[in-house]
Amino acid sequence: MGSLSAKSRVLAFYYGQGKLKQLCRYRKVVLQPWAYTSAELAFLRNSHTQALAYLSLGEDQPIPSPWHRDARNLDWNTVYVDPAHPGWVSSRMEEAKKAIDQGFSGLFLDTLDTVTLFPQDRYTMLSLIRQLRQELSGISIIANRGFTLLPDLATLVDGVVLESFSTTWTPWGYCILPSYELEYNLSCLFRLQGFGLELYALDYADRFWLEGFARLRAMYYGLPTFVSNRQLTRL
């Protein structure tokens, strides 16, 4: 299949199942742990494609649990959590270890931006990431955004994904971000560039011209980008 360094496509997000041959085109792929078997992960690994397991740290599925807050993310029908709750910490460690034992080479940490809604969680969220790093040494850890956790976050992860760097989805369809959000994301990129991390963009589009805008803007700023649909089921 060719070496990791020979692959021209850098990073993909795919939250479906199968499509192993398409995934092998990428150096790294972010997958849902439930969607792939150890044998499939071994196939990717032997094809020099690193598989990262999705892991949510700030939100949970709406099955009643003691670490849930009385607040929801209505966009995804998830529940905000208390990241300091021992039960939540234990469940994150168990899920992460299970994914690595299953054959994943690293983790993709999502929902870190709940700290912007609950600023009091900053220390405990960083503590949770630090515990993952310490107990699963040697793995690759990529964070989704988490800008408010900088500069501490930069010492705990290998890379950062700037989700919705240029385009996004709304209840009314896919679109280019407002100018103030484009500028904010750009300022975060410039800040991140000082930490020596792997940096990627993730954008959403359903039309050719919108995808082209996302790709060209990311290319202009030297960012490898992946463009998909809202559900991340399109490769």
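Below or above, wherever it landed, is the structure these notes cover. (Residues numbered from 1 in each chain as written. Predicted model: local features only at pLDDT ≥ 70, side-chain atom pairs only at ≥ 80, totals over all residues. Heavy atoms only, no water.)

Along strand β7 (residues 106-110), 5 of the 5 residues are buried, which leaves the element largely enclosed by surrounding structure. The two faces of β7 match: Gly 106, Phe 108 and Asp 110 on one face and Leu 107 and Leu 109 on the other face are all buried. (Buried < 20%, exposed > 50% of the residue type's maximum accessible area, 1.4 Å probe, protein only. Helix = DSSP H or I, 4+ residues; strand = E, 2+ residues; numbered from the N terminus.)

With that out of the way, let us pick up the pairing of strand β6 (residues 78-81). For strand β4 (residues 59-60) and β6, the ladder comprises 2 bridges, and the chain directions are antiparallel. Along β6, the bridge assignment pairs Glu 59 with Tyr 80. Relative to β6, strand β5 (residues 68-73) is paired through 3 bridges, and the arrangement is antiparallel. Counterpart to His 68 in the pairing with β6 is Val 81. In this structure, the hairpin formed by β5 and β6 is closed by a connection of 4 residues, where Asn 77 is found at a positive phi of approximately 55 degrees. (Pairing = 2+ DSSP bridges.)

Right, let's talk about the packing of aromatic side chains for a bit. Enumeration over the complete set of coordinates arrives at 12 aromatic pairs. Ring geometry for Tyr 15 against Tyr 54: centres 5.6 Å apart, planes inclined by 75 degrees, an arrangement best described as edge-to-face. With a gap of 39 residues between them, Tyr 15 in the loop between β1 (9-14) and α1 (20-23) and Tyr 54 in strand β3 (residues 50-56) connect regions that are remote in the sequence. Here Tyr 15 matches Tyr 54 in class, with each residue buried. Seen in terms of ring centroids, Trp 67 and Trp 88 are 6.0 Å apart; in terms of plane orientation they differ by 45 degrees. Their pairing is tilted. Of this pair, Trp 67 sits in the loop between β4 and β5 while Trp 88 sits in helix α3 (residues 86-102), and the two are 21 residues apart along the sequence. Judged by relative accessible area, Trp 67 falls into the buried class, the value being 16%. With a relative accessible area of 0%, Trp 88 lands in the buried category. Against the face of Trp 88 rests Arg 92, its NZ or CZ located 4.1 Å from the ring centre. (Phe/Tyr/Trp six-rings, centres within 6.5 Å; stacked < 30°, edge-to-face > 60°. Lys NZ or Arg CZ within 6 Å of the ring centre and 35° of its normal.)

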